[in-house]
Amino acid sequence: MAGSHHIQQDVPRVLHKLLFVFSLAVVCASLYFILSGCCDFILVDTAKHLKQTSQLLPLTELFQRKNASFEKRATDIGVRSAGAVGAQSANVGKDWTAARRLPQAIIIGVKKGGTRALLEFLRLHPDIRALGSEPHFFDRHYSRGLNWYRNLMPKALEGQVVLEKTPRYFVTADSPGRIHSMSQEVKLIVVVRDPVTRAISDYTQIISKTPGVPSFETLTFHNGTEEALKVDSLWSPIWIGLYALHLERWLAHFPLEQIHFVHGERLVSDPAGELGRVQDFLGLQRIITDKHFYFNKTKGFPCLKKPEGSSKPHCLGRTKGRPHADIHPQVILRLRQFYQPHNLRFYQMTGQDFGW
């Protein structure tokens, strides 16, 4: 009886073990078939690859090649994406990195030649950032240093040309060397005008500001009369018009192709043509054209048609285009004779005949 009872107790344990063994066998069989199917897939893929390459490759090497190919594609995609993002970032930075820079172009002269008109016309161009006032850095304030000078300049984006004008630079002995020390690549612009007309315009401005000034004839000739025929070339209105003399100093520091000469008379009669040549010189697209100008018959001077942000046309100040002082024709003739050899020399130096 005791033995029979013991056997009955062992039956459940045996069944438990058999069930465990059976389950383990099912699991093993399943793993076998799963692995066999995967291997079959790999072998089929391998066989296709071997058929194409006619080479016997181990499975590990095949996987290495596939992984390498995938990594290359991923890298290429990453590089392209990074490049696109980088380009976009660069464009964004370019649009928002306005900074104060030293000028790349300077209108260096001449006084009463049309420099203010040229500056105002050039400011229409979106790629020109111009200082409105005359800084007089290279002739009066040089001791203040380049940082002081730079801080005067308007902020500009990359690709924009920073410009300033100080007509006195052209006749100041130290200016060429000082500007060259700042930049050997700076572009120089000189507005020149018939020196006789320029001298009379200069004198007209002087008497408008200083009452009681002697007559033009008195200041032009050494003894105050034209009979002496001796022109006082050191009197400022006369001396400024000796263009060849002043240009010599600039050519000692800058090549001629780095200096652009604006024809002062044509700036009045054909502003769009002169502005087109200046834009070419500065390497800019010709945006300022004849559609921007109209001729004011009252002033005898070109004006701008409704500048951006304004509902009215814009003409230069009342002092621009004002009537000149009355000068005796014999004085004018003598001055033309005086300037003739200087003008011819200037034409030879610049390679241009201005027709004065």
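Predicted model, so just to flag it, every value in this text is computed and none were measured. (Residues numbered from 1 in each chain as written. Predicted model: local features only at pLDDT ≥ 70, side-chain atom pairs only at ≥ 80, totals over all residues. Heavy atoms only, no water.)

## Overview of the overall build of the protein
For the protein, the count of helices and strands is 12 helices and 9 strands. The 356 residues of the protein split such that 36% are buried. Partitioning the intrachain contacts of the protein with sequence separation of at least 6 by distance along the chain shows that 70% fall at a separation of at least 24. For the protein, the accessible surface area stands at approximately 20,900 Å², while carbon and sulfur atoms represent 58% of it. (Helix = DSSP H or I, 4+ residues; strand = E, 2+ residues; numbered from the N terminus. Buried < 20%, exposed > 50% of the residue type's maximum accessible area, 1.4 Å probe, protein only. Contact = heavy atoms within 4.5 Å. Areas by Shrake-Rupley, 256 points an atom, 1.4 Å probe, with all protein chains shown as cover.)

## A look at the packing of aromatic side chains
If you walk through the whole model with that rule in mind, you get 21 aromatic pairs. Here Phe137 and Phe138 contribute two aromatic rings whose centre-to-centre distance is 4.8 Å and whose plane-to-plane angle is 75°, an arrangement assigned as edge-to-face. Among the residues examined, Phe137 registers a relative accessible area of 0% and is labelled buried. Ring centres of Phe138 and Tyr142 lie 6.1 Å apart, and the angle between their planes is 40°; this geometry places the pair in the tilted category. Residue classification places Phe138 among the buried residues on the basis of a relative accessible area of 0%. Three or more aromatic residues link up through ring pairs in this structure, and these residues are Phe137, Phe138, Tyr142, Trp148, Tyr149 and Tyr169. Over the face of the ring belonging to Phe281 we find Lys187, whose NZ or CZ atom lies 5.6 Å from the ring centre. (Phe/Tyr/Trp six-rings, centres within 6.5 Å; stacked < 30°, edge-to-face > 60°. Lys NZ or Arg CZ within 6 Å of the ring centre and 35° of its normal.)

## Some remarks on the pattern of salt bridges
Between side chains of opposite charge, a pair can form as their charged atoms come close. Evaluation of the coordinates by the stated rule reveals 12 salt bridges. Residue Arg178 pairs with Asp174 through a salt bridge whose shortest N-O separation is 3.6 Å. A relative accessible area of 23% places Arg178 in the partly exposed class. The exposure class assigned to Asp174 is partly exposed, which follows from its relative accessible area of 46%. (Salt bridge = Lys/Arg side-chain N within 4 Å of Asp/Glu carboxyl O.)

## Section: the nonpolar core
Ile106, Ile108, Phe170, Ile179, Leu188, Trp250 and Phe346 are the most contacted members of the largest nonpolar core, which has 32 residues in total. Within the residue set of this core, elements represented by two or more residues are β2 (105–109), α5 (175–182), β6 (187–192), α9 (243–251), β7 (259–263) and α12 (329–350). It is α9 that contributes the most residues to this core, 4 residues altogether. Sequence-distant contacts of Phe346, defined by excluding residues within four places in its chain, comprise Val192, Tyr243, Ala244, Leu247, Phe261, Phe354 and Trp356. If you look at the next biggest cluster of nonpolar residues, it comprises 26 residues, including Ile107, Ala130, Ala272 and Leu316. (Core = buried A, V, L, I, M, F, W, Y, C linked by side-chain atoms within 4.5 Å.)

## Quick notes on unusual backbone geometry
Here the amide bond leading from Gly109 into Val110 is cis, since omega sits at -5°, within 30 degrees of zero. Positive phi, normally seen in glycine, also occurs at Lys112, with a value near 60°. Owing to a relative accessible area of 13%, Lys112 belongs among the buried residues under this scheme. For His136, which is not glycine, the phi torsion reads 50° and is therefore positive. Among the secondary structure elements, His136 is positioned in the loop between β3 (128–130) and α4 (146–152).

## A few points about the sheet that holds β7
The 5 strands are arranged β3-β5-β2-β6-β7 in an open sheet whose pairing can be described as parallel. Two strands close off the open sheet at either side, each with one partner strand: β3 and β7. Direction aside, neighbouring strands of the sheet carry axes that sit 25° apart on average. Bridge count for β2 against strand β5 (residues 161–165) is 3 bridges, and the pairing is parallel. (Pairing = 2+ DSSP bridges. Axes fitted to C-alpha atoms, helices over the stretch in contact; angles between N-to-C directions.)

## What to know about the pairing of β5
Among the 5 residues of β5, 5 are classified as buried, and the element is accordingly described as predominantly covered. Alternating residues of β5 divide into Val161, Leu163 and Lys165 and Val162 and Glu164, and every residue in both groups is buried. In the sheet, β3 pairs with β5 via 3 bridges, with the strands oriented parallel. If you follow Ala130 over to β5, its bridge partner there is Leu163.

## Overview of the packing of α9 against α12
Axes are the key here: two packed helices are described by the angle between their axes and the distance separating the axes. For the pair α9 and α12, interaxial distance at closest approach is 8 Å and the crossing angle is 30°. The angle between α9 and α12 falls in the class roughly parallel. Between α9 and α12, the contacting residues are Tyr243, Ala244, Leu245, Leu247, Glu248 and Leu251 on the first element and His342, Arg345, Phe346, Met349 and Thr350 on the second. Of the residues belonging to the contact of α9 with α12, the class tally is 7 nonpolar, 2 polar and 2 charged. (Parallel < 35°, antiparallel > 145°, perpendicular 65-115°, else oblique. Nonpolar A, V, L, I, M, F, W, Y, C, P; charged D, E, K, R; others polar.)

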